[in-house]
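# Notes for the structure review
The lines below spell out each chain.
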Amino acid sequence: MSHTLAPADVSHYYQRLAELSTLPFWQREEFTEPAGPERGHVWHWQDVYPELTRSRQFAADAAGLQRRALILRNPGLTPPAAGATPTIAAAYQMLFPGESAPVHAHSISAIRFGLTGSGARMIIDGDRVPMEPGDLILTPGWSWHGHVHPGGDEPVVWMDGLDVPFVLGLRAGFFRDDPYCGDPLPVRDTTETAAGTAALLPAGTRHGRHSPVRRYPWDQAYPALRRLMARSAGRNTLTSLEYRNPLTGGPALATLGCLLEGLPGGTRTRPRRETASSVIVVARGTGTLTCGGQTWPLSPNDVAAIPAWTWHQLTASDRDLVLFRLTDRPIHDAFGLFQAEEEG
């Protein structure tokens, strides 16, 4: 006796399953490797910077905007998704002389990487920390933070990197405005560098998974990278220097890894893919990025998204190519999910 259902009965069956908010296992989408709609992309500084500057025509004061920033949305993602990758958000942010951005706090962790201009101060839990081009500034989750540009002749621009898509995906996103927003901005100035707060701390101080360092200055990181590159002379490989939490030896932030990388002039990396996604910004030099079968030129201050498990390759022009990389690898490492492949 046949147990085959008539077409009308089959349709009714699947309709009933849908009404019960169930999905038959045999109709699920098959997968064998990581895949998603996001794709490699480069935001060119020469294209985006003029539009960031033009924002002043529409809003004269950054405080009225919360942040004078342009979010870099991966073209493969559709609204409401707004990340450079599904786990990392990135933006160009600007302050004109005399501007400030209000203090707030959230469960999301963020970094700032200085691009152009001098004189701005990052306000972090009451400290005013300087930021120069190439400096890495940390604002871990729940830090009270804002920005101020007391004065000068030029605007200051930096790249923001945040774990906001990951945190919101976990439904763990919280935001708080400064309850003392009517008070003057703090005036406690500090450099708060890697050699500062991390080395000596009050007895009994305990830190979580995030680095206690506020600022990793370029004038310490770049010479260290050059020394590492000199040791690898002739190998034509990408040299990576990681910004670490000096108390634990782990990543600077629990969810975001930060690296400064150098590729010797006239060389290229082997094609590589890994489960971690990355956002890179060009700190020095020029070159190209090939990602997902497409190639883009790279120039200083360009920002690029490298999706997870996507073949990519970097090439340096005649000068060394220096990159700052933000990666979600700490999340993969925490759960034993990281994998990587390299051709050759």
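Presented here is an overview of the structure given in this document. (Residues numbered from 1 in each chain as written. Predicted model: local features only at pLDDT ≥ 70, side-chain atom pairs only at ≥ 80, totals over all residues. Heavy atoms only, no water.)

Turning our attention to the sheet that holds strand β2 (residues 69–71). Strand order in the open sheet formed by six strands is β2-β3-β10-β5-β8-β13, with antiparallel pairing between adjacent strands. The open sheet has two free edges, formed respectively by β2 and β13 (215–216), since each of these has just one partner strand. Pairing between strand β8 (residues 136–139) and β13: two bridges, direction antiparallel. Residue pairing across strands places L136 opposite Y216, the latter belonging to β13. Along the sheet, helix α2 (residues 45–58) contacts β2, β3 (89–95), β5 (110–116) and β10 (156–162); its crossing angle with β3, the most-contacted strand, is approximately 50°. (Pairing = 2+ DSSP bridges. Helix = DSSP H or I, 4+ residues; strand = E, 2+ residues; numbered from the N terminus. Contact = heavy atoms within 4.5 Å. Axes fitted to C-alpha atoms, helices over the stretch in contact; angles between N-to-C directions.)

Side chains of a nonpolar character, in soluble globular proteins, are inclined to be buried together. Membership of the largest hydrophobic core comes to 39 residues, with the highest contact counts inside it found for I111 and F324. Among the elements that take part in this core, helix α4 (residues 218–231) stands out by supplying five residues, more than any other. Apart from the residues lying within four places of it in its own chain, the contact partners of F324 are I111, F113, L136, M159, Y243, C258, L259, L260, V279, I280 and V281. Counting 14 residues, the second-largest nonpolar core is a separate cluster that includes W296, I306, L321 and L323. (Core = buried A, V, L, I, M, F, W, Y, C linked by side-chain atoms within 4.5 Å. Buried < 20%, exposed > 50% of the residue type's maximum accessible area, 1.4 Å probe, protein only.)

Compared with an ideal rise of 1.5 Å per residue, which puts 14 residues at 20 Å, α2 spans 21 Å between its outermost C-alpha atoms and is within 8% of the ideal. Regarding α2, the residues found buried are W45, V48, L52 and S55. Here the buried residues of α2 occupy an arc of 80° about the axis, which is enough to place them on one side. Set apart from the buried face of α2 by more than 90 degrees, the exposed residues are Q46 and Q57. Buried residues along α2 sit in contact with β1 (41–43), β2, β3, β5 and β10. (Expected span 1.5 Å × (residues − 1). Arc of directions from axis to C-beta.)

The subject of this paragraph is the environment of E343. Topologically, E343 is positioned in the segment after β23 (340–342). Look at E343 and you get partly exposed, because its relative accessible area is 43%. For the pair formed by E343 and W296, sequence separation is 47 residues and the distance between their alpha carbons is 20 Å. Sequence-distant contacts of E343, defined by excluding residues within four places in its chain, comprise R270, P271 and W311.

Further remarks concern unusual backbone geometry. Generally, phi is negative for residues other than glycine and the peptide bonds are trans, each holding for most cases. Following P79, the chain continues to P80 via a peptide bond in cis, the omega torsion being 10°. When you line up the elements, P80 lands in the loop between β2 and β3. Phi at N301 is positive, roughly 75°, even though this residue is not glycine. One can find N301 in the loop between β19 (294–298) and β20 (303–306). In this structure, W309 is a non-glycine residue whose phi angle is positive, near 50°. By the secondary structure assignment, W309 is in the loop between β20 and β21 (312–316).

A word on the pattern of salt bridges. One pass over the structure, following the stated rule, counts 16 salt bridges. For R16, the salt bridge identified is with E19, shortest N-O distance 3.4 Å. In this pair, R16 and E19 are both assigned in helix α1 (residues 7–19), three residues apart and thus about one turn of the helix distant. With its nearest N and O atoms 2.8 Å apart, the salt bridge here joins D135 to R215. Linking D135 in the loop between β7 (127–130) and β8 with R215 in strand β13, this pair joins segments that are 80 residues apart in sequence. The two residues D135 and R215 agree in class, both being buried. Beyond isolated ion pairs, a larger network of salt bridges with shared partners links R270, R272, E274 and E342. (Salt bridge = Lys/Arg side-chain N within 4 Å of Asp/Glu carboxyl O.)

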